[in-house]
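Inside the fold
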Amino acid sequence: MKTLVVYVDLIFLTNLCIDGALIGMTAWMRKTKLVWWRWLLSAIVGALYVVMMFVPEFDFMFTFLIKFGFSLVMLTIAFGFKGLQAFARTLGTFYVINFVAAGGILGVHYMLQSSGELFNGIWFTASGGMSFDLKIAFWFTFIVFFAVLFLFKAVQSSKRKTDRMTTYLGKVEVCIDEVVISCTGLLDTGNQLTDPLSRMPVMVMEVSLWQDMLPASWKGRLKDEAPDNLILELDQESFQWQDRLRLVPYRGINKGTAFMLAMKPDRVKVTMEETCYETTRVLIGLDGGVLSSDGKYQAVIHPELVQDAASAQSTALSAGATEKPLNVV
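Residues numbered from 1 in each chain as written. Predicted model: local features only at pLDDT ≥ 70, side-chain atom pairs only at ≥ 80, totals over all residues. Heavy atoms only, no water.

The next thing to look at is helix α1 (residues 8–30). Taking 1.5 Å as the rise per residue, α1 with 23 residues should run 33 Å; its terminal C-alpha atoms sit 32 Å apart, in good agreement. Immediately downstream of α1, the backbone of Lys 31 shows phi near 55 degrees, a positive value. (Helix = DSSP H or I, 4+ residues; strand = E, 2+ residues; numbered from the N terminus. Expected span 1.5 Å × (residues − 1).)

Okay, structure coming up:
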């Protein structure tokens, strides 16, 4: 007769880790700070429930209502009750994470199975129905569980980063004579690049947006060649915007002082969250590389273009001015 040995202590510790991870992931998703003893106590309650599966006297507890009740108790211990709406959102988040983890384990399990192993787990009942015999190894479940949670967190972190970046993206329109260049720009609140002479803020754009308007001999050279050398070449060829060119000094990371080629536009309009900011006091710095590796934006918006526009509007309204270099539409 074959004896079945169950290591209750190992099962308890494993489920303690799993329940703790689920509670921690729920708190991370809900952006809630956990108290360590509440976190631990909640995980212990969940682990004890699993241990009770091996006590025959407690078989009545393994129904949907009891399981659901235990999840409510765990969440109440971990997060407290701060209102029905907040608790319902926490409960929904908790079950979504559980379903993602369980689905990931099943998906990986069947992906690693061969066709023979898969069909050996299917059997037919006397009434003609079909059933599945699912056997997943203990350590396989434990390892894949945390791998799925790690992948889920990485995906959510990437999504949050993208959502945060979206709030700083805006539409940029630069006008020089009859030429209008439009692109997507990223508001960089840490950008302090200004022209030391005119004190104008510098908005950086990819030079590829202006490629058709710049001299043909500059193509592909702005990234590696000093911009002052390119300006000196203009003595031999005509460039209609030559009087708009500027050299703006800047200091790069781990680099000495360098110069950026910039142009003085007639007008720049930035639209962010349905608010339009317009200014003439700005320079357009030309970058020879790619500002965003995924192509989400092609310009870096100087914060003064937004801040000065708002302050200029309020000043103009209070003074009754009819003309202003900056305005908000």
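Back to the text.
Now for the pairing of strand β7 (residues 257–263). Pairing of strand β6 (residues 245–251) with β7 involves seven bridges; the strand directions are antiparallel. In the sheet register, Arg 246 faces β7, and the bridge partner there is Ala 262. Pairing between β7 and strand β10 (residues 283–287): two bridges, direction antiparallel. What sits directly across from Ala 262, in β10, is Gly 285. (Pairing = 2+ DSSP bridges.)

Next up on the list: the confidence of the model for the protein. Taken residue by residue, the protein gives an average pLDDT of 77. The fraction at 70 or more is 77%. In the model, residues 122–134 has pLDDT below 50 throughout and makes 16 contacts with residues more than four positions away in sequence or in other chains. Long-range and interchain partners of residues 309–329, a stretch whose pLDDT sits below 50, account for 26 contacts in this model, where long-range means more than four residues apart. (pLDDT = per-residue confidence, 0-100. Contact = heavy atoms within 4.5 Å.)

Let us look at the packing of aromatic side chains. According to the stated counting rule, one finds seven aromatic pairs in the structure shown. Aromatic side chains Phe 68 and Tyr 95 sit 6.2 Å apart centroid to centroid with 20 degrees between the ring planes, which places their arrangement in the stacked category. Linking Phe 68 in helix α3 (residues 64–79) with Tyr 95 in helix α4 (residues 84–112), this pair joins segments that are 27 residues apart in sequence. The exposure class of Phe 68 is partly exposed, given its relative accessible area of 29%. Here the aromatic rings of Phe 94 and Tyr 95 are separated by 5.7 Å at their centres, their planes lie at 80 degrees, and the arrangement is edge-to-face. Taking the relative accessible area as the measure of exposure, Phe 94 reaches 5% and is therefore buried. Following the ring pairs from residue to residue traces out a cluster consisting of Phe 64, Phe 68, Phe 94, Tyr 95 and Phe 99. (Phe/Tyr/Trp six-rings, centres within 6.5 Å; stacked < 30°, edge-to-face > 60°. Buried < 20%, exposed > 50% of the residue type's maximum accessible area, 1.4 Å probe, protein only.)

Turning our eyes to something else, we now look at the pairing of strand β3 (residues 169–176). Each regular strand shows side chains that alternate between the opposite faces of the sheet. Of all eight residues in β3, six are buried, a share of seventy percent or more. Taken together, the eight bridges between β3 and strand β4 (residues 179–187) define a ladder with antiparallel strand orientation. The partner of Val 172 across the bridge, within β4, is Cys 183. The hairpin turn running from β3 into β4, its antiparallel successor, is two residues long, and Asp 177 in that turn takes a positive phi close to 55 degrees. Pairing between β3 and strand β8 (residues 267–272): five bridges, direction antiparallel. What sits directly across from Lys 171, in β8, is Thr 271.

It is worth spelling out the environment of Glu 273 at this point. Within the fold, Glu 273 resides in the loop between β8 and β9 (275–279). For the pair formed by Glu 273 and Leu 169, sequence separation is 104 residues and the distance between their alpha carbons is 8.7 Å.

So, on to the pattern of salt bridges. Close approach of charged atoms allows side chains with opposite charge to pair. Inspection of every chain in the model, using the stated rule, returns five salt bridges. Among the salt bridges present, the one from Arg 244 reaches Asp 266, with a minimum N-O distance of 2.9 Å. In this pair, Arg 244 is assigned in the loop between α7 (227–232) and β6 and Asp 266 in the loop between β7 and β8, connecting sequence segments 22 residues apart. On the accessibility criterion, Asp 266 (34% relative accessible area) is partly exposed. Across the pair Glu 278 and Arg 267 runs a salt bridge whose closest N-O atoms are separated by 4.0 Å. A residue pair is termed long-range when its members are at least 10 positions apart, and Glu 278 in strand β9 and Arg 267 in strand β8 qualify at eleven residues. One salt-bridge network, in which partners are shared between bridges, spans Lys 171, Glu 173 and Lys 269. (Salt bridge = Lys/Arg side-chain N within 4 Å of Asp/Glu carboxyl O.)

Attention shifts here to a nonpolar patch on the surface. A cluster of nonpolar side chains, contributed by Val 35, Trp 36, Trp 37, Leu 40 and Leu 41, occupies part of the molecular surface with about 530 Å² of accessible area. Position of Val 35 relative to the elements: it lies in the loop between α1 and α2 (36–51). Classification of Val 35 as partly exposed rests on a relative accessible area of 37%. (Patch = residues over 30% accessible without salt bridge, like charges linked within 9 Å, V, L, I, M, F, W, Y side chains within 5 Å. Areas by Shrake-Rupley, 256 points an atom, 1.4 Å probe, with all protein chains shown as cover.)

Within the largest apolar cluster, 32 residues are counted, with the highest numbers of intra-cluster contacts made by Met 203, Met 205, Trp 210 and Leu 286. Elements with a minimum of two residues in this core: β3, β4, β5 (202–206), β7, β8, β10, β11 (299–301) and α8 (304–319). Filtering out sequence-adjacent residues up to four positions away, Met 205 remains in contact with Val 174, Ile 181, Cys 183, Trp 210, Ile 284, Gly 285, Leu 286, Asp 287, Leu 291, Gln 298 and Ala 299. Ranked by size, the runner-up nonpolar core spans 24 residues in total, among them Phe 79, Phe 87, Ile 97 and Val 148. (Core = buried A, V, L, I, M, F, W, Y, C linked by side-chain atoms within 4.5 Å.)

Another aspect to go through is the packing of α1 against α2. Their axes nearest at 8 Å, the elements α1 and α2 cross at an angle of 135 degrees. The orientation of α1 relative to α2 falls into the category oblique. Remark: the crossing between α1 and α2 carries right-handed chirality. Contacts between α1 and α2 pair Val 8, Ile 11, Phe 12, Asn 15, Leu 16, Asp 19, Gly 20, Ile 23 and Gly 24 from the former with Trp 39, Leu 40, Ser 42, Ala 43, Ile 44, Gly 46, Ala 47, Leu 48, Val 50 and Val 51 from the latter. Looking at the contact of α1 with α2 residue by residue, the class counts come to 13 nonpolar, five polar and one charged. (Axes fitted to C-alpha atoms, helices over the stretch in contact; angles between N-to-C directions. Parallel < 35°, antiparallel > 145°, perpendicular 65-115°, else oblique. Left-handed = near helix turned anticlockwise from the far one by under 90°. Nonpolar A, V, L, I, M, F, W, Y, C, P; charged D, E, K, R; others polar.)

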